[in-house]
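One-letter residues, chain by chain:
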Amino acid sequence: MVAIIKKNRRSRYFCESPVFADFHNALRNFGTDDDGGIPDNALLETYRTTIPLTTYDSYEPFAAKFLAENCHEDDVRDMFSPGLPHHIAVTSSTSSPKPKLYCKYQHQGSMRHAFGDGRNTFWTFSLHYRQLVEVQNRDGDIVSTISAGIGSSGALRMRSRLEVEDDHLNIKLAGDWATSPIAVGFIRDYRTFMLTHTLFALANSKIETITIIFTTSIVDMIRYMEEEWDTLIASIETGELPPWEGIQHVREYLQPHFPPRPERAAQLRAIGKATDQPGWLVEIWPMLKTTISISSGVFSVAIPKLRFYLGPDVQLRSLGFITSEAYVGTVYDPSDLNLFKATPQDIIEYLDVDKEENASNIVPPWLVEAGKHYEIVCTTRDGLWRFRLGDVVEIAGFDPTDGTPIMRYSERRNVITWMAGGELTEQRITAAILAVQDTLARIVEFTAIIDGRSGIPALGYLIEVHGEL
């Protein structure tokens, strides 16, 4: 904790944002504005008593400077952490009216996500971005090019040293962590992106691991594979890529990695499309052992359908508790898709949901109670300070080896629907529709709406089911 405080307290955001004024005033009361002259325990106590809860409102004006028409190094260096960010993670706008930007920096000893590695891994990795930020020095020279896009794309680039300045070379590489060549990661059209990854995976009979970020996306992959089954097999047989929309700009880089495989095509024809019998994916890939994806919260609705296609022996594993803002928790028990151990790489604190929403009700890890619910609050190496994630967890217990809290994801906080004078939380809305699966059908995905057609407000559901109603 002390290391993070000392590393980022000189950042532009921390020094210039008025929300941290109490911290700076407290340091001056020690007779110094330099934390080097303050004992670590005093620095920690100052952090705990003066740093307030923060939200994106205080962060946004500083992050927005990276998107200025002319981004100058003097304006953005050391913005949230020392130096310039490696990439900017852009959220998908699911929890706010517009996307949010989070700067991500290169750090020593970063924990690696359990994506799986090797040419026998079916991993739908992406490398595309929404835009490039070119940082200029005082002479107008570009000193850094920063990609802004989905967080997993930037994280992969950072981990694999695939810098955007080298994309003219990167796009030609075969890659050594997945069955798809790197050029597939540059496809933007979602359906074509999923199908092309699937095409390269189908051509490989030795797939052992499937890594797709969300369980619902695995279901999308299965649906697309069923719809395009004949086209996929014909392509594998001839070695000619299908003319899918959005593939033209990478076709010349994909083709050298896609030779004809008539024997594999014959195997797939013999297997045929999915049937009413479980385990279709294991028939396609007999060596398949594990799938890795985010499977908690609303994404858990896809698990029954996924289990049907996988059969009973393939292990479903979680990717971890990962958000755009922070890597909150690692997988604690591989057999439990919603059980996480708080990460040691950032400062994770807990806001008691039964009390007022202020910093005085933040609970440190050593004082949380099993069975109680808390909102995650994080201070990160990337420059967030007691940032409210809005994710509520239940403390399941503690790791006996070091006492670290073990948590289960519960729901988003303050995602509430008011209807007929009552309040419906995300957790209640999800639980209600899942409760009727046994009499209705297995639910794969759903969305909820307020239905007022009868004059009496009611909660309606639009659902996708596995099989027939």
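Residues numbered from 1 in each chain as written. Predicted model: local features only at pLDDT ≥ 70, side-chain atom pairs only at ≥ 80, totals over all residues. Heavy atoms only, no water.

1. Quick notes on helix H7 (residues 151-160)
Counted only if it meets this: Working definition: with a 1.4 Å probe on protein chains only, accessible area under 20% of the residue-type maximum means buried, over 50% means exposed, and in between means partly exposed. Each helix is a run of H or I in the DSSP string that is no shorter than four residues. Each strand is a run of E no shorter than two, and both are numbered from the N terminus.
Along H7, the residues classified as buried are Ser-153, Gly-154, Leu-156, Arg-157 and Met-158. Downstream of H7 by a residue or two, Arg-161 has a phi angle that is positive, lying close to 55 degrees.

2. Side note on the pairing of strand S9 (residues 315-318)
Here is the key point about a regular strand: its side chains alternate between the two faces of the sheet. Where we set the bar: At least two bridges found by DSSP between two strands are what make those strands a pair. Classification remark: right-handed applies to a crossover when, strands pointing away from the viewer, the course from the first strand over the helix to the second runs clockwise.
Here S9 shows a buried face lined by Leu-316 and Ser-318 and an unburied face lined by Gln-315 and Arg-317. Bridge count between strand S8 (residues 290-294) and S9: four bridges; the pairing is parallel. The partner of Ser-293 across the bridge, within S9, is Ser-318. In this region the chain leaves S8, passes through helix H15 (residues 303-310) and returns to the parallel neighbour S9; the handedness of that crossover is right-handed.

3. Remarks on the environment of Pro-181
The condition that has to hold: It only takes one pair of heavy atoms within 4.5 Å for two residues to be counted as in contact.
For Pro-181, the position within the fold is in the loop between helix H8 (167-170) and helix H9 (190-202). When its relative accessible area of 2% is taken as the criterion, Pro-181 is described as buried. Separated by 74 residues in the primary sequence, Pro-181 and Gln-255 have C-alpha atoms spaced 9.9 Å apart. Leaving out residues up to four positions away in the same chain, Pro-181 has contacts with Phe-125, Leu-173, Ala-174, Phe-200, Leu-254 and His-257.

4. A closer look at the side chain of Glu-73
With respect to the helices, strands and loops of the structure, Glu-73 is situated in helix H6 (residues 73-76). When neighbours within four sequence positions are excluded, Glu-73 is seen to be in contact with Val-135, Gln-136, Asn-137 and Val-143.

5. A closer look at the pattern of salt bridges
Cut-off, in case you're wondering: Salt bridge, as used here, is a side-chain nitrogen of Lys or Arg placed within 4 Å of a carboxyl oxygen of Asp or Glu.
Following the criterion strictly, the structure yields 20 salt bridges and no others. Residue Glu-237 pairs with Arg-269 through a salt bridge whose shortest N-O separation is 3.0 Å. With Glu-237 in helix H11 (residues 229-238) and Arg-269 in helix H13 (residues 262-271), this pair connects stretches of sequence that are 32 residues apart. One network of salt bridges, with partners in common, ties together Arg-191, Glu-227 and Glu-228.

6. Observations regarding the sheet that holds strand S17 (residues 405-412)
Strand order in this open sheet of eight strands is S10-S11-S12-S17-S16-S15-S13-S14, and the pairing throughout is antiparallel. Because the sheet does not close on itself, it has two edges, and the strands there are strand S10 (321-322) and strand S14 (362-363). Bridge count between strand S12 (residues 340-342) and S17: two bridges; the pairing is antiparallel. Each bridged residue has a counterpart across the sheet, and for Phe-340 the counterpart in S17 is Met-407.

7. What about empty space enclosed by the protein?
Formally: In this analysis the probe radius is 1.4 Å and the grid spacing 1 Å, with only protein atoms considered; a cavity is a set of points the probe fits into but cannot get out of, a pocket is an open set with protein on both sides within 12 Å along at least five of seven lines, and lining residues have an atom within 4 Å of a point. Grid points are joined across faces, edges and corners, and a volume is the space filled by probe spheres set on the points. Polar here means any residue other than Ala, Val, Leu, Ile, Met, Phe, Trp, Tyr, Cys and Pro, which are nonpolar, and Asp, Glu, Lys and Arg, which are charged; Gly is therefore polar.
By the definition in use, this model includes one cavity of 30 Å³ or more. Approximately 30 Å³ is the volume found for the largest cavity. Around the largest cavity sit His-86, Thr-145, Ser-147, Arg-157, Leu-162, Glu-163 and Val-164, which together line it. Grouping the constituent residues of the lining of the largest cavity by class yields two nonpolar, three polar and two charged.

8. Points about the pairing of strand S11 (residues 327-331)
The buried fraction of S11 is high, at four of five residues. Judged from the two bridges that link them, S10 and S11 form a sheet pairing that is antiparallel. Within the sheet, the bridge partner assigned to Ile-322 lies in S11 and is Tyr-327. Pairing analysis gives three bridges linking S11 to S12, with the strands arranged antiparallel. Paired with Gly-329 across the strands is Ala-342, a residue of S12.

9. Some points on the nonpolar core
For the record, the criterion: Take the buried Ala, Val, Leu, Ile, Met, Phe, Trp, Tyr and Cys residues and link them wherever side-chain atoms come within 4.5 Å; each set so joined is a nonpolar core.
Ranked by size, the top nonpolar core spans 56 residues in total, and within it Tyr-59, Phe-66, Phe-80, Tyr-350 and Met-407 carry the most contacts. Apart from the residues within four sequence positions on either side, Phe-80 is in contact with Asn-8, Ser-11, Tyr-13, Tyr-59, Phe-62, Ala-63, Phe-66, Cys-103, Tyr-105, Asp-382 and Gly-383. Residues Phe-125, Ile-182, Val-184 and Ile-207 belong to the second largest nonpolar core, which totals 54 residues.

10. Let's talk about the sheet that holds S8
Backbone-to-backbone hydrogen bonds pair the strands of a sheet. The strands run either parallel or antiparallel. Selection criterion: Axis definition: a line fitted to C-alpha atoms, over the contacting stretch in the case of helices. Angles run 0 to 180 degrees between N-to-C directions.
If you walk across this open sheet you meet the four strands as S4-S7-S8-S9, and the pairing is parallel. Each end of this open sheet is capped by a strand with a single partner; those strands are strand S4 (121-123) and S9. Across this sheet, the average inter-strand angle for adjacent strands is 20 degrees, counted without regard to direction. Sheet strands touched by H15: S8 and S9. Its angle to S9, the strand with the most contacts, is close to 140 degrees.

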